[in-house]
Amino acid sequence: MASVSKSNHLEEDDDAEEEVQHFDDFTLASSWERFISDIEATCRQWLADGPKNLVEKGAVAVEDSKNLFTVKHELKNVAKSYCMEFYFQIDNNGSQQAGIGNWNSNSHDLQLCFGVKDFLLIAPQSASGVLLDTPESSKLLSAVAIALSNCGSLWPAFVPVHDPSRKAYIGIQNMGTVFTRRFEADRVGSQVPVKLMHLEGLYELFVSKFVYSGVDFSMHTFRVHFMMRLTYQTFPYDEEDEEIDTDEVMGDKSDTAEHYGSESRNKVLWDDDCPWSEWYSAEDPLRGFELVVTWADRTVESTLEMAELENASPHDAEKWILHPILSPYLGDPSHGKRIDFASQLLCLVEALDSSFSAQFMEDFVSVENPSSENLKTSVVIPPPSVLDRVIKDLFREGSKLPDFTKGEHRLSRALKAAPLESLFTQFCLHSLWFGNCNIRAIAFLWIEFVHEVRWCWEETQPLPKMPIDGSIDLSSCLINQKLHLLAICIEKKREMNEEFLDCIGSDDSSDASVSMEEHHKVDKRRNTSSEEELRRKRDSSIAEDTSKQLRFERKTERTNSVNQSPTDAIRRGSAGPVGTMMLLKSRQQLHAPFTQDPPLMTEDMHEERLQAVEAFGDSLNVPGQLEKDILLSDMSAFKAANPDAVFEDFIRWHSPGDWESFEPKTTEPSAGPSTEGSKDEWPPRGRLSQRMSDQGNLWRKSWNDAPALPADDQKPLLDPNREGEKIVHYLETVRPHQLLEQMVCTAFRGSADTLNQTNVGNMRQMTSKLEQLYLIMKFTLGALQRNNLPDKAKTVKDLKRLCMVFENVEKLVAVAASIHRKFLDASRLAQVIFSDFYGVYAPTMGMSANDEENKSRTEMEVSRQEVSLRERQVVSNLFSPPSANQSWRKVLSMGNLLNGHEPILREIIFSTGDDVNNGIHYAAAADVAATSDRKGEEIETHRMYVSGTSNDLRVGLSVTSCD
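All of these numbers come straight from a predicted model, not from anything done at the bench.

1. Focus on the overall build of the chain
Along the chain, the regular secondary structure elements total 31 helices and 18 strands. In the chain, buried positions account for 48% of the 963 residues. If you sum the accessible surface of the chain, you get close to 48,500 Å²; carbon and sulfur atoms cover 51% of it.

2. A few points about the packing of helix 13 (residues 439-458) against helix 23 (residues 720-733)
Helix 23 packs onto helix 13 with a crossing angle of 170° between their chain directions and a minimal axis gap of 10 Å. In this view, helix 13 runs roughly antiparallel relative to helix 23, as classed from their interaxial angle. Within the contact between the two elements, helix 13 uses Trp446, Val450, Val453, Arg454 and Trp457 and helix 23 uses Pro720, Asn721, Gly724, Glu725, Val728, Leu731 and Glu732. Looking at side-chain class alone, the contact of helix 13 with helix 23 contains 7 nonpolar, 2 polar and 3 charged residues.

3. So, the environment of cysteine 347
With respect to the element layout, cysteine 347 can be found in helix 9 (residues 341-354). Judged by its relative accessible area of 22%, cysteine 347 is partly exposed. Taking C-alpha positions, cysteine 347 is 9.1 Å from isoleucine 439, a pair spaced 92 residues apart along the chain. If near-sequence neighbours (up to four positions away) are discounted, cysteine 347 is found in contact with Asn436 and Cys437.

4. Some words on the pairing of strand 5 (residues 157-161)
With 5 of its 5 residues buried, strand 5 lies for the most part within the structure. Along strand 5, one buried face is formed by Ala157, Val159 and Val161 and the opposite face, lined by Phe158 and Pro160, is buried too. Sheet topology note: the strand 4 (residues 119-124)/strand 5 ladder contains 2 bridges and is parallel. Note that in strand 5 the partner of leucine 121 across the bridge is phenylalanine 158. The pairing of strand 5 with strand 6 (residues 168-174) spans 5 bridges and is classified as antiparallel. Bridge pairing in strand 6 links valine 161 to alanine 168. In this structure, the hairpin formed by strand 5 and strand 6 is closed by a connection of 6 residues, where histidine 162 is found at a positive phi of approximately 65°.

5. Some thoughts on the side chain of aspartate 604
Secondary-structure assignment places aspartate 604 in helix 18 (residues 603-616). Within the local environment of aspartate 604, its side chain forms a polar contact with the side chain of lysine 482, the two groups lying 2.7 Å apart. Once residues lying within four places of it in the same chain are set aside, the contact partners of aspartate 604 are Leu478 and Lys482.

6. Remarks on the nonpolar core
By size, the foremost hydrophobic cluster in this structure holds 155 residues, and its most contacted members are Trp446, Leu463 and Phe823. Counting contributing residues per domain, this core is built from domain 1 (31-91 + 106-226 + 907-962) and domain 2 (341-492 + 723-842), each supplying no fewer than three. Ala59, Ile122, Leu131 and Cys151 belong to the second largest nonpolar core, which has 31 residues in total.

What counts, and at which threshold
Residues numbered from 1 in each chain as written. Predicted model: local features only at pLDDT ≥ 70, side-chain atom pairs only at ≥ 80, totals over all residues. Heavy atoms only, no water. Helix = DSSP H or I, 4+ residues; strand = E, 2+ residues; numbered from the N terminus. Buried < 20%, exposed > 50% of the residue type's maximum accessible area, 1.4 Å probe, protein only. Areas by Shrake-Rupley, 256 points an atom, 1.4 Å probe, with all protein chains shown as cover. Axes fitted to C-alpha atoms, helices over the stretch in contact; angles between N-to-C directions. Parallel < 35°, antiparallel > 145°, perpendicular 65-115°, else oblique. Contact = heavy atoms within 4.5 Å. Nonpolar A, V, L, I, M, F, W, Y, C, P; charged D, E, K, R; others polar. Pairing = 2+ DSSP bridges. Polar contact = N/O pair within 3.5 Å; in protein donor to acceptor, adjacent residues only side chain to side chain. Core = buried A, V, L, I, M, F, W, Y, C linked by side-chain atoms within 4.5 Å. Domains from an automatic or database assignment.

Structure follows, in structure tokens:
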């Protein structure tokens, strides 16, 4: 140690001086005198260095104390060795007397017992570290007192005595030329007398130290200074309940993880209304609270006043200090087996690492696959009942679509995933808790999921948790796009079936000559017709249905102008005239048609289209099939809305850039109605562009082939039967690593969006941390959006590191939620507590599980917070009345109950003093007054510190006398 090396260095210097000067001090003849001289030399060195230099030279900080340090020095007296320790504080304010200002839980045990600041502690270097021989302890204490007196030090000195369990000490302090203070402390560990359990008995015990033993305390008054500090603590978790919960979790992990096993629990958990409670139940990061209630210095004169104080409410105390007790798992990531989003996401990343070993998801469940045999020994597959419950929960139909923006952060869309309430995200979150989220369990769940999707498609049942309209969100993952398009195809397929059945019903009702036998045949054909027959009938008979044409014509007539020409009577599918544009041949108004919406496409369909364009060059001259179909549909609708139109009219409306107009050199006023430019001659001067004028132009050929059909009578551009089958086939044959890559991205976003819904009040640190989490996820998950991973091992390693970041943020969210829920009506206190925790926890968030410093962290501490008067009721509500199971374990024997809670620790300081200016103390009075809390008025002659409960009592007594 630094102090030992320093003392050895001093001894070497002394030896060197003796060798040079050859001086022997014959005044130190005995070992006793040499022992005192050694103590004196060490104390003089410590006095000369001062606290700040001692810290620089290697003084060790005392555990659980911020400003208390210690240095050590080994002493020898004949055959026995001792260790002398000097405890000192680095601050210069305050005094060596105990008071309300320096009464805190970080003080050393001897500081609390005797009200000292800096002190010496000398103990033998033995197994027990105590002196069992009373003469030896007195002799050792005398030696220290002589040494301190010789060097002019006023430090108190203590030596341990008796059995170590008693924590007994004796001590002495020289306070000047006249006064000496003596100390004594002892402890009763069991069978505390009933009288000493109450304040009246403790008061009489203290008074008996300075009055005659025969005095009747009830008949006299004695002015005594009194301070009291009570410590309350909320009840810890019931150990029996905790064991039951552990057995439930370990007994059926998969069932509990799916939250079906939790139905049997009767008690209400702290996070039942938190957003993550749907998936798991988190341990409350705030295990409890410790409340320290302090009664300031007051004067009591009788046992009656002490009895009143014992019955006083803690709300009458002058000061409340609250200390949150954090769960150990916050400081040690390896503590216990925790189940949360971060731990399950890590399992999903490991499943991704295993997914590259097979071509199809069925390979992981097939008995013929070698890799599947290797997985059987280490994976858990839930029973069929759990699988059925998961599928029913996923495909349970709701009365309305969920809110797909729920829980969405402003950076959520930066992740190529799916919305939180969508079907694929719910599947990914369920897979986290399905079994232990291994690749084989995921394969079982995915195969059953696809089977259910196919059933919805074949039976034309709505796909739950997916919109049936709108555009495809290309920023989401491909599987979510496919499911969205499939939901639209199912809806269009259902509409086609209903229209077909309505048409058959109208034909049957209009034909009065149809017999009952033929009617049954029609019903039979209706029920047994295949999907191909439905599509054929939709493309032929329905498109030419007379009743539907009449309905559409009536709707078109309402949109057209009242004054119609004879040509307008056969106009169909018009959306209205286009400004003042006129048809070139008939000079009628040009009408814009209703056109079909472009077919919806997923991301891979867009890529196929772009690849086709790149392969064939200019899409105008060599269009793909999709472009041909769209162009032909627009031309047919234009012809139906403008029966007298020519190809040039269509170009002027559809592609104005391919119509080159030019002004004539001379213009004359036109006698006809105002058209495109009232000063232009009719027809307007212009021509087609070069590419539209080329012979064999595909646009003109398409125009010649296009029939005049409004959009509603055309064949749909999106064939729901063909596209639906393609989507289901994709889901059945998707590569495992492609599926797992999308699942990882979606599970991370779904988990983060779930945490983002947590109500944490006005805690700005959480807002910034969640934003940082989304940015880190965007950067890390970006590698999964590529078709081929450049470095699989590096990507998996980065994903595991992302799981650690997610774990830290998840812990912060849990702490913030727990604090906010408990201090809804004390927002200031909630913010102060969380800010203090954040300051302690944030520096550790960058540590990995392999860091040595991280391994040593087993518990985290936050500072104590003072509670204001208006916040006391909120804090008091934290101490809920004890239940019957908790009450029988304790026998209430002390007063000052807080909602039925007895103090777990009661600390009392009794003191009394005497006037230092009464003329009998001579010159020492001024010196003592300077070191006294009474500031020259009186000196503390007796002080007693009492600490403990009804089963444990410790007393420390200090007496000042004039020797």
